[in-house]
Amino acid sequence: MSELTTTEQQLRLALSMSSMGVIHIDYETGLASADQQAARLFELPPGQQVDRQTVHAKFHPEDAPAINRHVAESLDPNGAGEFSMEHRIIRQNGEVRWLSIRKKVVFEERDGKQTPVSSLLAAVDITHKKNAEDSLKRSQETFENLVQNSPFGIYVVDDTLTMRYVSKGAREVFSQFKPIEGHDFEEIMFTLWREDFAAEIVEHFKHTLKTGEPYQAPAFVENRNDTDQVESYEWEIERTTLPNGQFGVVCYFYDATEHEQVAESIRRREQYFREMTDAAPAMLWVTDTDHSCTFLSRGWQDYTGQSQVEGTGIGWLEMVHPDDRDDARRVIFSALNQRKPFEHDFRLQNADGSYRWAIDAGRPKFGSKGDFEGYIGSVIDVHDRHLAEESLRQRASDIEASESRLRLAAETTGFGTYDITTTDSQDIWSAELFRILGLPPDGIADENRYEMLVHPEDRDQFREALQQSMAADGPDRH
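In this text the structure is predicted, and so the values were computed from the model without any measurement.

(A) Inspection of the pairing of strand β8 (residues 163–166) at higher detail. The pairing of strand β7 (residues 153–157) with β8 spans 3 bridges and is classified as antiparallel. For Val157, the partnering residue across the bridge sits in β8 and is Met163. Where β7 hands over to β8, the hairpin turn is made up of 5 residues, of which Leu161 adopts a positive phi near 60 degrees.

Below, the structure written as C-alpha cells:
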C-alpha cells in the first residue's frame, strides 16, 4: 500500500509540474472531478465533483458537435474506447482557449455486456501554439495574396531557385509555363533569353540569395527566344524570408515594352515638332502656368542672337527696346493673368544690335479637362509693314493738310469746288459752290443737279468734257 501511495504521489507531482490537466469521469454517477491543472483550464472547483454537463458547457459551440460525436463513439463498446482531438473552450470572461485532449474510457462486463463505467481525460492548453500556427497561416495567406493577386510583375523563388509564388502580372509573361509554381527558375530564364544573358540573371539571383544584397538591373531591350519578339523590362530583386522561415528571392519587374514604344513615338513627335518650329518663319514660344517661358524656337536665337536658355523664364524681355519694355510687360502680363488672347507691337533687338518692329501674339491653352496649361504664341517681324503704315499715315496727313489749304484758298479767292466719286456716286460740293449756285448750303450735292444748272447750250459740251475726264486714258483736267 505504501508503494502504491508513493507511485500516486510521484504521478501527481509529475502532473503538477507539467501543463497537463486530468479529469476523472464516473458514468454511474454522472459526476466529474478535476485536478488542479484541469480545474484551472476548465474553471472548475478543484477537488470537487461536478456534473458532466458542467464540463461540456465549456465547449465552444462550433466545436461541440464534433466533441459529442467523438464522446459517443468512445462510449460504444464496439469502438476504440478512446479518442484525441483539438478543440476550443470558452472561459467565463469570454476568452477562447485551445486544448489538446486525449480521453480513455474504462469498460466493465455487466450482465454479459461491456459497459462504460469511467473515463480519464487529459488536457493540455495549446492556445499559444494554435495562435502561432494561425499567425503563420495568415502570414502565408497574406504573402500569397500580395504576390499572386498583384497585377504587377512579381515572383518569388525559394532557396533552391524554384518558383514558389507568381503574381497575376507575371503569369502573363510566363504564360507557356503551366503550372508555373514548382518550375525551375533557371530553365525558365534559359527558355526566354539568350544563353549568356540568362546566365547573368541567374547569377544575380544566387548572389542575392547568398549575401542578402539587393540588385537593381538597368533597363534592357532583348529579343525573346520563345516568341522572337523584342521586349523591354526593368527589374530588381531582394532577399526575403518565406512563410516557412527559409530565405528566398523576390523579383519585381516592369514590362516597359509598350512604354518604350510610346517613348520612342514621343521622341519622334518632339523631333518633328522641333524641326517644324525651327523651319517656321515666325519665332514660336510656350509658357507654363506661371507665365514663365519654357520653350523658344530656333528662330528666336537666329533673329535676336539670344540663346534659348537665356530667353526662357522672362529673359526674353531683355531683347525688347528699353522704351517699349514696361509697356510690353504691362500689356502682355495683364492678358496672361486674365488668360485672354493678346497681340502687341514692340521694337525687338536684332542680332546685329539694331531694333525692328515685331508683333507678339499669344493665346491660352487648356487640357482635355479644361485645366489651364499655359500659353503658346509667336513673334513675327512686321518692321516693313510698320514703316509702310507709318508712311501711309504721313501721306494721309499730308493730303489732309493739302486739302485744308486748298479749301482755304478756294474760299479766299471765291472759287467753288466739287468732287464726283464714280465708285459710290457720292458727290461733294464745297460751301462756296452752293453759294455761287444760289443754293442752300444743306442742299443735295448731285452730278445731275449740277448739270441741270448748266446753260442748255453749254450742257452737251460740259457732259462730253466730264466723260472724257473720267475715262482711264482721258485728260487730267478740262
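(B) Up close: the nonpolar core. Formed by 29 residues in total, the largest nonpolar core has its most connected members in Tyr155, Phe174, Phe185, Met189 and Phe205. For this core, the secondary structure elements donating two or more residues are β7, β8, α6 (168–173), α7 (185–192), α8 (195–211), β11 (230–241) and β12 (247–255). No other element matches the 6 residues that α8 contributes to this core. Excluding residues that lie within four positions of it along the chain, Met189 makes contacts with Tyr155, Phe174, Ala198, Ile201 and Val202. Counting 24 residues, the second largest nonpolar core, distinct from the first, contains Ile25, Val55, Ile89 and Ile101.

(C) Region of interest: the packing of α7 against α8. Two numbers describe how α7 lies on α8: the axes approach to 8 Å, and their chain directions differ by 150 degrees. If you check the angle between α7 and α8, you find them roughly antiparallel. Remark: the crossing between α7 and α8 carries right-handed chirality. On α8, the residues that touch Phe185, Glu186, Met189 and Phe190 of α7 are Glu195, Ala198, Ala199, Ile201, Val202, Phe205 and Lys206. Residue composition of the contact of α7 with α8, grouped by class: 8 nonpolar, no polar and 3 charged.

(D) Examining the pattern of salt bridges more closely. Tallied over the entire structure, the rule returns 25 salt bridges. With a closest N to O distance of 3.4 Å, Arg224 and Glu231 form a salt bridge. Arg224 gets classed as buried once you look at its relative accessible area, which sits at 4%. According to the relative accessible area criterion, Glu231 is buried, its value standing at 14%. For the salt bridge of Asp381 with Arg356, the shortest nitrogen-to-oxygen distance reads 2.7 Å. Residue Asp381 is located in strand β17 (residues 372–381), and its partner Arg356 is located in strand β16 (residues 355–366); the two are separated by 25 residues in the primary sequence. Asp381 sits in the partly exposed class, given a relative accessible area of 29%. Three or more residues joined by partner-sharing salt bridges are found here, namely Glu43, Arg91, Glu95, Arg97 and Asp125.

(E) Focus on the packing of aromatic side chains. Following the criterion strictly, the structure yields 18 aromatic pairs and no others. A ring pair is formed by Tyr155 and Phe185, whose centres lie 5.9 Å apart and whose planes are at 35 degrees; its orientation type is tilted. Taken as a pair, Tyr155 in strand β7 and Phe185 in helix α7 lie far apart in primary sequence, 30 residues in all. Here Tyr155 matches Phe185 in class, with each residue buried. The structure contains a cluster of three or more aromatic residues connected by ring pairs, namely Tyr155, Phe174, Phe185, Trp193, Phe197, Phe205, Tyr215, Phe220, Tyr233, Trp235 and Phe253. In this arrangement the basic side chain of Lys130 is found over the ring face of Trp98, its NZ or CZ atom lying 4.4 Å from the centre.

(F) Highlighting the sheet that holds strand β2 (residues 31–34). Ordered in space as β3-β2-β1-β6-β5-β4, the 6 strands form an open sheet in which the pairing is antiparallel. Each edge of the open sheet is held by one strand with a lone partner, namely β3 (49–51) and β4 (82–90). The average undirected angle you get between the axes of adjacent strands in this sheet is 30 degrees. When strand β1 (residues 20–26) meets strand β6 (residues 113–125), the two strands line up antiparallel, connected through 7 bridges.

The rules we used
- Residues numbered from 1 in each chain as written.
- Predicted model: local features only at pLDDT ≥ 70, side-chain atom pairs only at ≥ 80, totals over all residues.
- Heavy atoms only, no water.
- Pairing = 2+ DSSP bridges.
- Helix = DSSP H or I, 4+ residues; strand = E, 2+ residues; numbered from the N terminus.
- Core = buried A, V, L, I, M, F, W, Y, C linked by side-chain atoms within 4.5 Å.
- Buried < 20%, exposed > 50% of the residue type's maximum accessible area, 1.4 Å probe, protein only.
- Contact = heavy atoms within 4.5 Å.
- Axes fitted to C-alpha atoms, helices over the stretch in contact; angles between N-to-C directions.
- Parallel < 35°, antiparallel > 145°, perpendicular 65-115°, else oblique.
- Left-handed = near helix turned anticlockwise from the far one by under 90°.
- Nonpolar A, V, L, I, M, F, W, Y, C, P; charged D, E, K, R; others polar.
- Salt bridge = Lys/Arg side-chain N within 4 Å of Asp/Glu carboxyl O.
- Phe/Tyr/Trp six-rings, centres within 6.5 Å; stacked < 30°, edge-to-face > 60°.
- Lys NZ or Arg CZ within 6 Å of the ring centre and 35° of its normal.

Taken by themselves, the reported measurements are silent on function.
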